[in-house]
Amino acid sequence: MSLKGWMAQLKQIGEKTERLALLSQLGQILNSTLDHQEVRRRAMEAATQLMKAEVSSLLLIDEEKNHLFFEVALGEKEEKIKTITLNLGEGIAGWVAQNGKPLIVNQPEKDSRFYKGVDDQTEFKTRNIICVPVKVKNKTIGVLEAINKKRGEDFDKEDMSLFTSLADQVAIALDNARLYQELEEMFFQTAESLADAIEKRDPYTGGHTRRVTLYSLATAKYLPLNPMEMKWLKIASVLHDIGKIGIDDQILRKPEQLNPEEFEVIKQHAVMGVEIINHIKPLRHIIPGLKYHHEQMDGAGYPEGLSGDRIPFIAKIVAVADTYDAMTTDRPYRKALSKELAIKELEKCSGLKLDRKVVEAFMRAFEKKEI
Ligand SMILES: [Fe+2]
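Residues numbered from 1 in each chain as written. Predicted model: local features only at pLDDT ≥ 70, side-chain atom pairs only at ≥ 80, totals over all residues. Heavy atoms only, no water.

K.L.:
Would you mind going over the packing of aromatic side chains in detail, with residue names and values included?
P.N.:
All told, the structure shown has 6 aromatic pairs when counted by the stated rule. Here Tyr324 and Phe362 contribute two aromatic rings whose centre-to-centre distance is 4.9 Å and whose plane-to-plane angle is 55 degrees, an arrangement assigned as tilted. With Tyr324 in helix H13 (residues 313-328) and Phe362 in helix H15 (residues 356-367), the pair connects residues that are 38 residues apart, well separated along the chain. Residue Tyr324 is classed as buried on the basis of its relative accessible area of 1%. Accessibility expressed as a relative area gives 0% for Phe362, which makes it buried. Summarising the aromatic geometry, the rings of Tyr324 and Phe366 are spaced 6.4 Å apart at their centres and angled 65 degrees between planes, so their arrangement reads as edge-to-face. Within this pair, whereas Tyr324 is found in helix H13, its partner Phe366 is found in helix H15, the two being separated by 42 residues in sequence. (Phe/Tyr/Trp six-rings, centres within 6.5 Å; stacked < 30°, edge-to-face > 60°. Helix = DSSP H or I, 4+ residues; strand = E, 2+ residues; numbered from the N terminus. Buried < 20%, exposed > 50% of the residue type's maximum accessible area, 1.4 Å probe, protein only.)

This is the structure we're talking about:
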């Protein structure tokens, strides 16, 4: 072989290696998140990059409606394309979804399977297209497509083999994210059932947990919490009174106001909640919310009499939500305050008993009718 031939071959090998390295890197990026929406977005980016294409789409199968919908489409036409659906068998993507086989169409106008409708609606010109099925345990759940290879090139067999590998990675990442989401939902439901178990014992607080959770999350929207902290706050709100499971019925269900000794017993629910949740290691982040939701800024709260910044932020949020709900619901020994009066009370307590920033955030949510 001539030197020129060798050089050309070497260049080809170099390019192949580079693309394989890119595939492996993209696979890692895809599988480093469990957020379903993020996986879908990354899948698109990876497809465009790996296929050197102008635009990519992920279409998922809606089993009930028996059609494909554009989950994400990167590129200028994104908004338009999101509204389009394809029947199974319709268009290149529909054909791939129905047959579970990859397909390259380099001259779409000559291919009877090509459906011009999408181009017409998006004013996009498909010059060529590569489309592969996304399969989870041999079942096609959607398709991944890349359109218009850059530099006017055609898609080839090498593209197909790389794209198929990428689709496998996308399938794994999507399935992991789905399982995680299901697990998380099941977990929330379990937490809610536990909270419901306490409410069933305490007839005077019907719906308290649900409202505290709603108020906490509405308040947190106006506070600098990251998505993970929001999740912890949600669970902490749902389970904040879980320790009441360990409180004697006679005290818990007493219709009159509690005497000081009984109140001492009720106070134990904060620490009992921790004892219950301590058994579940992944829930350690919510413990501060459970343990300290009755602490007060001036140090007059319980169980430890913490004050100011020593009170964990998550507990301060639950405290405001809890206080507001306690004031606005009837108790056997006193009538509920009106919303307006309760808000005035919160303002009075702001900085003294309750955290000022949290009360401010609560007010904003209240003004926007989110509470
Ligand atoms: Fe409580």
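K.L.:
Tell me about the coordination of the iron ion, and name the residues and values.
P.N.:
Each protein donor to the iron ion is listed here as Asp241 (OD), His269 (NE2), His293 (NE2) and His294 (NE2); together their distances run 2.1 to 2.3 Å. Mapped onto the sequence, the residues coordinating the iron ion show the spacing D-x27-H-x23-H-H. Of this pair, Asp241 sits in the loop between helix H8 (227-239) and helix H9 (249-252) while His293 sits in the loop between helix H12 (287-291) and H13; the two residues are 52 residues apart in sequence, bridging distant segments of the chain. Accessibility expressed as a relative area gives 2% for His293, which makes it buried. (Donors = N, O, S within 2.8 Å, 3.2 Å for Na, K, Ca; no water.)

K.L.:
Please set out the layout of surface pockets residue by residue, giving values where relevant.
P.N.:
The calculated volume of the largest pocket comes to roughly 1100 Å³. Around the largest pocket, the lining is made up of 38 residues, and of these Phe263, His294, Ala326, Arg331 and Tyr333 lie nearest the centre. Contributing elements (two or more residues each) for the lining of the largest pocket: H9, helix H10 (260-267), H13 and helix H14 (339-349). Per-element accounting of the lining of the largest pocket gives the leading share, 5 residues, to H13. (1 Å grid on protein atoms, 1.4 Å probe; cavity = no way out; pocket = protein on both sides within 12 Å on 5 of 7 lines; lining within 4 Å. Points joined across faces, edges and corners; volume = space filled by probe spheres on them.)

K.L.:
Which residues make up empty space enclosed by the protein, and what values do they have?
P.N.:
One pass over the full model with this rule turns up 2 cavities of 30 Å³ or more. Along the walls of the second largest cavity sit Tyr292, Glu295, Met297, Ile311, Ala315, Lys316, Ala319, Lys353, Leu354 and Asp355, which together make up its complete lining. Class assignment of the residues belonging to the lining of the second largest cavity gives a composition of 6 nonpolar, no polar and 4 charged. (Nonpolar A, V, L, I, M, F, W, Y, C, P; charged D, E, K, R; others polar.)

K.L.:
Give a description of helix H4 (residues 91-99) that names residues and reports values.
P.N.:
The complete set of buried residues in H4 reads Gly91, Ile92, Ala93, Gly94, Val96 and Ala97. Gly100 sits one or two positions beyond H4 and adopts a positive phi of about 65 degrees.

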